[in-house]
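So the chains spell out like this:
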Amino acid sequence: MTTLLDVRKLSVAYGKVEAIHDISIRVDEGSIVTVIGPNGAGKTTLLSAIIGMLPSRGDIVYCGARVGRLSVEQRVGAGLVLVPERRELFGSMKVAENLELGAFARLRHGDRDALRTLDSVYTRFPRLRERHAQEAGTLSGGERQMLALGRALMGKPRLLMLDEPSLGLAPLIVREIFAIVTALKASGVAILLVEQNARAALQVADYGYVLETGECVIEGRSSELAANPRVAATYLGQAAAGNATGI
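In this report, we go over the structure that sits alongside the text. Quantities reported herein were computed from a predicted structural model and do not represent experimental measurements.

What follows covers the pattern of salt bridges. Applying the stated criterion to the full structure yields 11 salt bridges. Here K185 ties to D206 by a salt bridge, and the two come within 2.9 Å at their closest N and O atoms. Residue K185 is located in helix α8 (residues 171-186), and its partner D206 is located in the loop between α9 (198-204) and β9 (207-212); the two are separated by 21 residues in the primary sequence. Under the relative-accessibility criterion, K185 is labelled partly exposed at 26%. Because the salt bridges share partners, they merge into one network encompassing E130, R131 and E143.

Viewed as axis vectors pointing N to C, helix α7 (residues 141-153) and α8 meet at an angle of 15°, and their least axial separation amounts to 10 Å. Classified by the angle between their axes, α7 and α8 sit roughly parallel to one another. Judged by the sense of rotation from one axis to the other, the crossing of α7 with α8 is right-handed. Facing α7, whose interface residues are G142, Q145, M146, L149 and L153, α8 presents I173, E176, I177, I180 and L184. Considering only residue class, the contact of α7 with α8 consists of seven nonpolar, two polar and one charged.

Read across the open sheet, the four strands follow the order β2-β1-β4-β5; overall the sheet is antiparallel. Only two strands of the sheet have a single neighbouring strand rather than two, namely β2 (17-28) and β5 (65-66). Across the sheet, helix α1 (residues 43-51) is in contact with β1 (3-14), β2 and β4 (57-62); its angle to β1 comes to roughly 115°.

Here the focus is helix α3 (residues 95-102). Three- or four-residue spacings in an α-helix give side chains the same orientation, since the helix completes a turn every 3.6 residues. For α3, the complete set of buried residues consists of V95, A96, N98 and L99. All buried residues of α3 fall inside an arc of 160° around its axis, so they share one side.

A few words on the pairing of β9. Of all six residues in β9, five are buried, a share of seventy percent or more. Here four bridges tie strand β3 (residues 32-36) to β9, and the two strands are oriented parallel to one another. Considered in β9, the bridge of I36 is made with V210. Two strands pair when backbone bridges link them, and β9 and strand β10 (residues 215-221) are joined in this way by six bridges, in the antiparallel orientation. Each residue of the ladder has a partner; that of Y207, found in β10, is R221. Hairpin connection between β9 and β10: a loop of two residues separates the two successive antiparallel strands, and T213 in this loop has a positive phi of roughly 45°.

Quick look at the pairing of strand β8 (residues 190-194) now. Of all five residues making up β8, five are buried, and the element is well covered by its neighbours. The alternating pattern of β8 places A190, L192 and V194 and I191 and L193 on opposite faces, both of which are buried. Two elements, β3 and β8, share four bridges in a ladder whose sense is parallel. Bridge assignment links T34 to a residue of β8, and that residue is L193. Strand direction decides the pairing type here: strand β7 (residues 159-163) and β8, joined by five bridges, are parallel. Bridge pairing in β8 links L160 to I191.

As a packed pair, α3 and α7 sit with axes 7 Å apart at the nearest point and diverge in direction by 35°. Like other packed secondary-structure pairs, α3 and α7 cross with a definite hand, here right-handed. When α3 is examined against α7, the residues V95, N98, L99 and G102 are found in contact with a partner set consisting of L147, G150 and R151. Here the contact of α3 with α7 is composed, by residue class, of three nonpolar, three polar and one charged.

Criteria and thresholds
- Residues numbered from 1 in each chain as written.
- Predicted model: local features only at pLDDT ≥ 70, side-chain atom pairs only at ≥ 80, totals over all residues.
- Heavy atoms only, no water.
- Salt bridge = Lys/Arg side-chain N within 4 Å of Asp/Glu carboxyl O.
- Helix = DSSP H or I, 4+ residues; strand = E, 2+ residues; numbered from the N terminus.
- Buried < 20%, exposed > 50% of the residue type's maximum accessible area, 1.4 Å probe, protein only.
- Axes fitted to C-alpha atoms, helices over the stretch in contact; angles between N-to-C directions.
- Parallel < 35°, antiparallel > 145°, perpendicular 65-115°, else oblique.
- Left-handed = near helix turned anticlockwise from the far one by under 90°.
- Contact = heavy atoms within 4.5 Å.
- Nonpolar A, V, L, I, M, F, W, Y, C, P; charged D, E, K, R; others polar.
- Pairing = 2+ DSSP bridges.
- Arc of directions from axis to C-beta.

Here is the structure:
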């Protein structure tokens, strides 16, 4: 498969404290890659560096080109899009207005196909169509996550980075969100998924990395990670190695 994102020996420091050290990950076209690990392991820092929100050392190669000197806006314009952990919606703006903002970079560059994309987002998320005139701040947690995903899709991403999409959601909504993630892969969007719900993440992912204290300690196909005794005991629960199915 063609490599879409190739991160090589990436390091990020906050002052003199190194948050992540020499991390290398790869995301192929049409795949889901997950990064799991405990709080404070550096997962969000990794995504923030890839999108350009934090300075870093190392190489970030996207679509065959180094993007380390590109701004966040330029990376988004190239199809590298992040849905942050806090979703960062405009609560006083309507659902439709939040979605339209997701296509801002495209419209700025003369792409007039945004309305067609909006219709496809509403088809994927019928509840957003129903609530298009409702203020984003009045939505439920699951609906806000759908809106954050929909806004990201308005940018027509080739690679969608998701930071803790299940955070704070009820189990039934978590299943729905991960079903959406799987459907996005089927539509051709590659996904880099940071997630504390390791069981759900490994079920939908093709490949995974385990981060601990800022370093990648284990990597492999998701089925291999789910069967790894250390991963099973630490992230999936005692019985996970024998039963890694069912979100």
